[in-house]
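The primary structure of each chain is shown beneath.
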Amino acid sequence: MRDQNLDRMERQEEKDVETEKVKEMEKFLKTIAENLRAEGIPVNDNCKIDENSFKEIYSEEEIKNDTERINFYKSKWNLEEQKNQTTGEKLEMLTTAIFHKFLKDKFIVVRSSEIDDVDRKVDNVIIKKGTNEEEIFGLFDAVGDVTDRRYKEKVEKIMERNKNGASLKYGFSMDENGKIQPKAIDNIPLFYLALPEKQLEEGIKNFEFNSTSEYEKKLFEYFILSIETQMKGLELRRDINPKCQEKLKFLKESLEDVFKKERLQKELDSMFEDDMLEIFEIFPLIKQGETLKKNLLKEALQDRLEYYINHISSTIESASQKGFKLDTKETLQKIHENLLSVEDFNNAKKIEALAKKEGIELKLPEGNKQV
């Protein structure tokens, strides 16, 4: 029977790791916030829209009343609501950090104000850079509890709200000069970002301050696929407010390049994981038998690998022509290592040439030299 003290120690160790990672995320969001404020975007250190920056459209008394009312609500929350708030806070931080890492060049993704978070059940807002578009055109609601009836009810409520779209009291738009203008906004498409608690814990554990982990990449792919699926569902509906439809169309067009890139990335990764790995696993099985048959089968397998390598090369080239930079380093490294392990040096040279073209330096396994 497993020692209970050991279990407690491991749980405490996991908790300590998570605590440190949450601190890293807080520091990361603070860095983002400093950069956003330098661009004139009204956010606090938690990357939440700062309601105190709206004094030119709301009186100080109105903002103060909103803040005090929200604080009063939170003081009355029971233990379950407090736990949900803590989980939701972590999920909001994680989604904000991940979306910033992948979308920061073309989009601004920040957290809604504390007031809109509680009153309007909105967690994140998104706006495209450099378009002089009228206003925010997409909202996210992060959902951490995905296992029971409440999750289904919440999703149904979000879908129902999309008849007219969600609203923000503390939103902003860009004028024709790209200057931020605080304002209330209505008819904004709302999407839910659902993540089970176990995956949230993994996401926090795999968060990297100065780089992007593989798990973060998988989470971003998952979130983008979810948003794209929800968009397609909304397009089938005929009961959506025209203004909301207009913003949905613009959001889809704006994110289309992101969707395309993720599809190409998935195609690239699956070629190795679903197709090439299966071929590599056959090589050890042909070591015995007649020499002629072995050689013929080996050549056939190498031809098939060459086909996939050419397909990978064309996928990377296709992405490059569309202005996308795919994440190829790990996949090319794994293919190269497997090619060397089955002594397919001709195809290994092709992967080396492709990696060089991508500016990637392949690490050679111990005992192998450049071929």
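Just so we're clear, the structure is a prediction, and the values are computed from it rather than from any experiment.

1. Structural notes on a negative patch on the surface
Together, Glu13, Glu14, Asp16, Glu197 and Glu201 make up a region of like negative charge exposed at the surface. Looking at the negative patch, the elements that each hand over two or more residues are α1 (4-38) and α6 (197-205). When residues of the negative patch are assigned to their parent elements, the largest contribution, three residues, is made by α1. Take Asp16: it is sitting in helix α1.

2. A look at the pairing of strand β4 (residues 166-174)
As a general feature of sheets, a regular strand has side chains that alternate between the two faces. Counting buried residues in β4 gives eight out of nine residues, a clear majority hidden from the surface. Bridge count for β4 against strand β5 (residues 180-188) is six bridges, and the pairing is antiparallel. If you follow Ser173 over to β5, its bridge partner there is Gln181. Where β4 hands over to β5, the hairpin turn is made up of five residues, of which Gly178 adopts a positive phi near 80°.

3. Considering the side chain of Gln265
Counting through the fold element by element, Gln265 comes out in helix α8 (residues 242-282). In this structure the side chain of Gln265 is engaged in a polar contact, spanning 2.7 Å, whose partner is the backbone nitrogen of Asp327. Residue contacts for Gln265: discarding those within four places in its chain leaves Leu326 and Asp327.

4. A word on the pattern of salt bridges
In the structure shown here, the tally under the stated rule is 29 salt bridges. Of the charged contacts in the structure, one is a salt bridge between Asp45 and Arg37, with a shortest N-O distance of 2.9 Å. For Arg37, a relative accessible area of 34% gives the class partly exposed. A salt bridge links Arg69 to Asp119, with the shortest nitrogen-to-oxygen separation between them at 2.9 Å. Residue Arg69 is found in helix α2 (residues 60-75), and its partner Asp119 is found in helix α4 (residues 114-120); the two are separated by 50 residues along the sequence.

5. A few points about helix α7 (residues 214-235)
A rise of 1.5 Å per residue sets the reference length of α7, with its 22 residues, at 32 Å; its end C-alpha atoms lie 32 Å apart and thus fit the reference within 8%. Here α7 has its buried residues at Glu216, Leu219, Phe220, Phe223, Ile224, Ser226, Ile227, Glu228, Gln230, Met231 and Leu234.

6. Brief notes about the sheet that holds strand β2 (residues 124-128)
The strand order β1-β2-β3-β6 describes an open sheet built from four strands, whose pairing is mixed. Across the chains shown, the open sheet's two edge strands, defined by having one partner strand only, are β1 (107-111) and β6 (190-194). Taken over all neighbouring pairs, the strand axes of this sheet differ in orientation by 25° on average, direction set aside. Looking at chain direction, β1 and β2 are connected through five bridges and run antiparallel. Bridging from a neighbouring strand, Val110 pairs with Val125 of β2. Where α7 meets the sheet, it contacts β3 (138-143) and β6, and its direction lies at approximately 140° from that of β6.

7. Notes on the packing of aromatic side chains
Overall, the coordinates contain 10 aromatic pairs when judged by the stated rule. Seen in terms of ring centroids, Tyr58 and Tyr170 are 5.3 Å apart; in terms of plane orientation they differ by 70°. Their pairing is edge-to-face. With a gap of 112 residues between them, Tyr58 in the loop between α1 and α2 and Tyr170 in strand β4 connect regions that are remote in the sequence. As far as the burial class goes, Tyr58 and Tyr170 line up, both buried.

8. Comments concerning the packing of α7 against α8
In contact at an axis separation of 10 Å, α7 and α8 are set at 135° when each is read in the N-to-C sense. With respect to their mutual orientation, α7 and α8 come out oblique. Considering only the axes of α7 and α8, their crossing is left-handed. Where α7 abuts α8, its residues Phe220, Glu221, Ile224, Ile227, Glu228, Met231, Leu234 and Glu235 lie against Leu248, Leu251, Lys252, Leu255, Val258, Phe259, Glu262, Arg263 and Lys266.

What counts and what doesn't
Residues numbered from 1 in each chain as written. Predicted model: local features only at pLDDT ≥ 70, side-chain atom pairs only at ≥ 80, totals over all residues. Heavy atoms only, no water. Patch = residues over 30% accessible without salt bridge, like charges linked within 9 Å, V, L, I, M, F, W, Y side chains within 5 Å. Areas by Shrake-Rupley, 256 points an atom, 1.4 Å probe, with all protein chains shown as cover. Salt bridge = Lys/Arg side-chain N within 4 Å of Asp/Glu carboxyl O. Lys, Arg positive; Asp, Glu negative; His and termini not counted. Charge placed at Lys NZ, Arg CZ, Asp CG, Glu CD. Helix = DSSP H or I, 4+ residues; strand = E, 2+ residues; numbered from the N terminus. Buried < 20%, exposed > 50% of the residue type's maximum accessible area, 1.4 Å probe, protein only. Pairing = 2+ DSSP bridges. Polar contact = N/O pair within 3.5 Å; in protein donor to acceptor, adjacent residues only side chain to side chain. Contact = heavy atoms within 4.5 Å. Expected span 1.5 Å × (residues − 1). Axes fitted to C-alpha atoms, helices over the stretch in contact; angles between N-to-C directions. Phe/Tyr/Trp six-rings, centres within 6.5 Å; stacked < 30°, edge-to-face > 60°. Parallel < 35°, antiparallel > 145°, perpendicular 65-115°, else oblique. Left-handed = near helix turned anticlockwise from the far one by under 90°.

Any functional reading would require information beyond the geometric quantities listed.
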